[in-house]
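# Report on the structure
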Amino acid sequence: MLLEVDDVHVFYGAVEALKGISLQVAKGEIVALIGANGAGKTTTLKMISGVRPVKTGKVRFDGQDITHMPGHKRVDLGLCQAPEGRGIFPGMTVVENLEMGAFNRKGSLTEDFDRVYDLFPRLAERRKQVGGTMSGGEQQMLAIGRALMARPEVLLLDEPSMGLAPKLVSQIFSIIRQINAQGTTVLLVEQNAVQALTLAHRAYVLEIGKIVRSAPAADLLADDSVRAAYLGGDLGASA
Amino acid sequence: MHLHSFVTQFWPSTVDGVTLGSIYALFALGYTLVYGVLKLINFAHSEVFMVGTMSAMWIMHFLNISAIQSGFALVGALLLAALFSMGGSAATALALERVAYRPLRRRGASRLAALISAIGASFVLQQVFEVYYSNQYSNFPRLFKHSTLFNIGSAQITTDRVLIVVAAVVMMVALERTVALTKLGRGIRAVAQDPETATLMGVNIDRTIMYTFLLGGIMAGVAAVLWNVRFEQTRFDIGFLPGIKAFTAAVLGGIGNIRGALLGGLIIGLLELYGASVFGSQWRDTTVFVVLVLVLLFRPSGLLGESLARARA
Ligand SMILES: Nc1ncnc2c1ncn2[C@@H]1O[C@H](COP(=O)(O)OP(=O)(O)OP(=O)(O)O)[C@@H](O)[C@H]1O
Ligand SMILES: [Mg+2]
């Protein structure tokens with residue numbers, strides 16, 4: 001397993017946000033993590049990235065125990081995240097934001113810039129614009145592009161389709177598929193559960209800090225109780 | 001009110017105001033950088049400056065340099081004073097970060113706790129220099145003749161004033177470029193704008209904070225040696241008044257904003273000297289404090305805004 005989370009508990013003060021969750025991501029997979037608001041999806045990704053401390057439990061990356069490794073070092077291992085709310089640096093230009101993605105990398109970034117501009121031509125047109133003045137959709141492209149600049153082994157995406165027009169949502173999802181096809185493993189958190197499950201190989205369902213289901217994405221997509229809870233019942237059928 | 005003396009003193013006041021203001025501007029950078037990154041006021045920064053003035057003075061006394069120098073000896077003496085000043089200030093800034101701030105940050109303590117910690121550290125540093133060095137003023141030697149190069153109106157432009165303004169401008173530009181163009185600068189801006197996302201990009205927050213204190217300390221060190229050149233004496237509490245004025249300059253320009261520190265420094269330097277010529281020299285400090293209160297009341301974000309966080313450096 002490339003990424004393993006083993007019985008992890010995370011607290012905010014006295015409140016237990018993750019109550020012993022375990023999950024695995026194998027190399028080359030797209031794994032989706034779905035669940036209602038407040039279930040702990042963002043907390044899970046932040047914990048994996050090392051910006052929420054683990055109280056008990058283990059996190060392993062490529063066999064190495066990284067439970068207490070500082071967050072910035074995990075980036076060097078290849079664990080990168082496009083966080084919820086995008087986290088664009090508002091005072092930096094598109095180019096500077098992309099450079100931030102490659103903060104600890106040495107050597108030429110030309111190829112990486114080309115790749116990102118290729119995936120998101122809109123970013124190429126706006127190189128000199130500051131992040132704070134970009135539209136929500138443009139910021140989302142920038143956030144994903146920035147995570148790619150690190151050449152991640154595993155890409156953690158927290159609601160990449162949030163606030164995007166339907167057309168852009170499909171575009172983002174097809175780009176995720178493309179990134180995965182190029183060899184990047186993806187752990188995806190999504191509200192847009194139908195599309196996430198259509199894209200993913202496997203999925204976990206999180207409910208108030210606990211994993212309640214784990215199955216191939218196609219099984220969950222076909223499961224009536226999952227459909228009712230997360231996919232908007234029959235409405236999901238038309239998607 | 002002495003409007004007549006304001007008119008007759010206008011050019012000398014302006015020249016002295018700009019000279020003093022460039023020292024304040026360098027000094028203000030430490031407040032501004034640390035605020036930009038940690039969102040807290042480093043009230044011990046005045047002692048960072050004080051240690052700089054003391055270190056530069058100490059090395060001159062230690063080497064028995066006490067007279068006018070020329071040629072290489074002059075350049076050497078000035079560089080040595082500057083190196084000791086920057087070294088002393090930088091080391092103090094780093095020690096403060098490690099001892100007074102980092103442990104509190106680790107425990108997630110409030111900003112009020114950090115403020116109290118800074119004030120405590122400030123007292124300790126002053127007392128150490130008062131007790132173990134001296135509570136009297138010590139002289140910093142005049143290393144070169146302060147001769148007049150040319151006149152502007154009734155003001156004499158002397159070599160020391162030119163040195164101070166040129167050195168201050170060079171350092172400010174160097175710092176501004178460092179923050180705008182280097183990897184270190186990008187890291188500092190990233191932490192200022194969004195520390196958690198900065199971590200997700202691989203930025204080492206602790207190290208970035210350390211470098212921020214280091215840069216602020218170096219700038220205060222340059223301010224300190226220039227202060228010595230201008231006023232030629234120092235003691236344990238020398239940082240107090242210029243510290244408040246530099247802080248006022250930082251707030252006036254927009255704390256967190258590097259160009260704001262330059263603008264604020266120059267305005268405060270000029271106001272101080274103009275205030276002295278209009279109201280009498282006993283009012284020069286009061287003029288600055290009135291400005292601080294007015295800025296905090298009516299424009300707390302300063303003239304240029306808090307921009308390390310928002311605009312482009
Ligand atoms: N910084 C915090 N301090 C205290 N509680 C927090 C904090 N962050 C999250 N929580 C709580 O932890 C729980 C899980 O939050 P989390 O953000 O992980 O949920 P989520 O599944 O990502 O939700 P959403 O779909 O709304 O993004 C929630 O109850 C939330 O209120
Ligand atoms: Mg979330």
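Residues numbered from 1 in each chain as written. Chains lettered and ligands numbered in written order. Predicted model: local features only at pLDDT ≥ 70, side-chain atom pairs only at ≥ 80, totals over all residues. Heavy atoms only, no water.

To continue, consider the sheet that holds strand β5 (residues 64-65) of chain A. Residues and elements named next belong to chain A. Here four strands make up an open sheet; going across it, the order is β2-β1-β4-β5 and the pairing antiparallel. Taken across any chain shown, the strands that pair with only one partner, and hence form the sheet edges, are β2 (15-25) and β5. Two elements, strand β1 (residues 3-12) and β2, share eight bridges in a ladder whose sense is antiparallel. Along β2, the bridge assignment pairs Val5 with Leu23. (Pairing = 2+ DSSP bridges. Helix = DSSP H or I, 4+ residues; strand = E, 2+ residues; numbered from the N terminus.)

Bringing the site of ligand 1 into the picture now. Residues and elements named next belong to chain A. If you check the shell around ligand 1, you find 13 residues, and the closest are Lys41, Thr42, Thr43, Glu84 and Gln191. The contact in question runs from a nitrogen atom of ligand 1 to an N or O atom on the side chain of Tyr12, over 3.4 Å. One nitrogen or oxygen atom from the side chain of Gln191 is found 2.8 Å from an oxygen atom belonging to ligand 1. Across the complex, the protein chains shield 60% of the 640 Å² of accessible surface that ligand 1 would expose by itself. When residues of the shell around ligand 1 are assigned to their parent elements, the largest contribution, three residues, is made by helix α1 (residues 41-49). Its residues placed into classes, the shell around ligand 1 shows four nonpolar, six polar and three charged. (Near = heavy atom within 4 Å. Polar contact = N/O pair within 3.5 Å; in protein donor to acceptor, adjacent residues only side chain to side chain. Areas by Shrake-Rupley, 256 points an atom, 1.4 Å probe, with all protein chains shown as cover. Nonpolar A, V, L, I, M, F, W, Y, C, P; charged D, E, K, R; others polar.)

This part is about the confidence of the model for chain A. Residue and element names in this part refer to chain A. On average, residues of chain A carry a pLDDT of 92, and 97% of them reach 70 or more. The secondary-structure element of chain A with the lowest mean pLDDT is helix α10 (residues 224-230), recorded at 81, while α1 shows the highest, at 98. Contacts of residues 233-239 to residues separated by more than four positions or lying in other chains number seven contacts, the stretch itself having pLDDT below 50. (pLDDT = per-residue confidence, 0-100. Contact = heavy atoms within 4.5 Å.)

This next bit is on the layout of surface pockets. Space left empty within the atom packing is revealed by a probe, the size of a water molecule, rolled over the atoms. Size it by volume and the largest pocket reaches roughly 700 Å³. Lining the largest pocket are 22 residues, and of these Gly50 and Val51 of chain A together with Arg106, Thr199 and Ile205 of chain B lie nearest its centre. Residue assignment for the lining of the largest pocket shows that the elements contributing at least two residues are α2 (71-77) of chain A together with α4 (71-106), α8 (195-200) and α9 (205-231) of chain B. Looking at the lining of the largest pocket residue by residue, the class counts come to eight nonpolar, seven polar and seven charged. Its boundaries defined by the atoms lining it, the second largest pocket holds a volume of some 390 Å³. (1 Å grid on protein atoms, 1.4 Å probe; cavity = no way out; pocket = protein on both sides within 12 Å on 5 of 7 lines; lining within 4 Å. Points joined across faces, edges and corners; volume = space filled by probe spheres on them.)

Turning our eyes to something else, we now look at the interface of chain B and chain A. Contacts between the two partners involve 21 residues from chain B and, on the opposite side, 23 residues from chain A. Of the roughly 2000 Å² buried at the junction of chain B and chain A (both faces included), carbon and sulfur atoms supply 62%. Taken together, chain B and chain A are joined by four salt bridges. The residue Arg189 of chain B makes a salt bridge to Glu96 of chain A at a minimum N-O spacing of 2.8 Å. Between the two partners, chain B and chain A, sit seven residue pairs in polar contact (both at pLDDT 80 or more). Where the side of chain B that touches chain A is concerned, the elements lending two or more residues are α7 (183-193) and α8 of chain B. Looking at the side of chain B that touches chain A element by element, the count peaks at six residues for α7 of chain B. Across the side of chain B that touches chain A, the residue classes break down as eight nonpolar, six polar and seven charged. (Buried area = accessible area lost by both parts, 1.4 Å probe. Salt bridge = Lys/Arg side-chain N within 4 Å of Asp/Glu carboxyl O.)

Let us now look at the domain arrangement of chain A. All names here are of chain A. For chain A, the domain assignment lists domain 1 (1-78 + 152-165 + 183-239) and domain 2 (88-150). Summarising the inter-unit geometry, the C-alpha centres of domain 1 and domain 2 are found 25 Å apart. With ten residues of domain 1 at the contact, the number on the domain 2 side is nine residues. Taking both sides of the interface into account, the surface hidden between domain 1 and domain 2 amounts to around 670 Å²; carbon and sulfur atoms contribute 64%. Here domain 1 and domain 2 share zero salt bridges between them. Linking domain 1 with domain 2 are two residue pairs in polar contact (both at pLDDT 80 or more), by the criterion used here. Mapped by element, the contributors of at least two residues to the side of domain 1 that touches domain 2 are α2 and β7 (154-158). Counted by class, the side of domain 1 that touches domain 2 contains six nonpolar, two polar and two charged residues. (Domains from an automatic or database assignment.)

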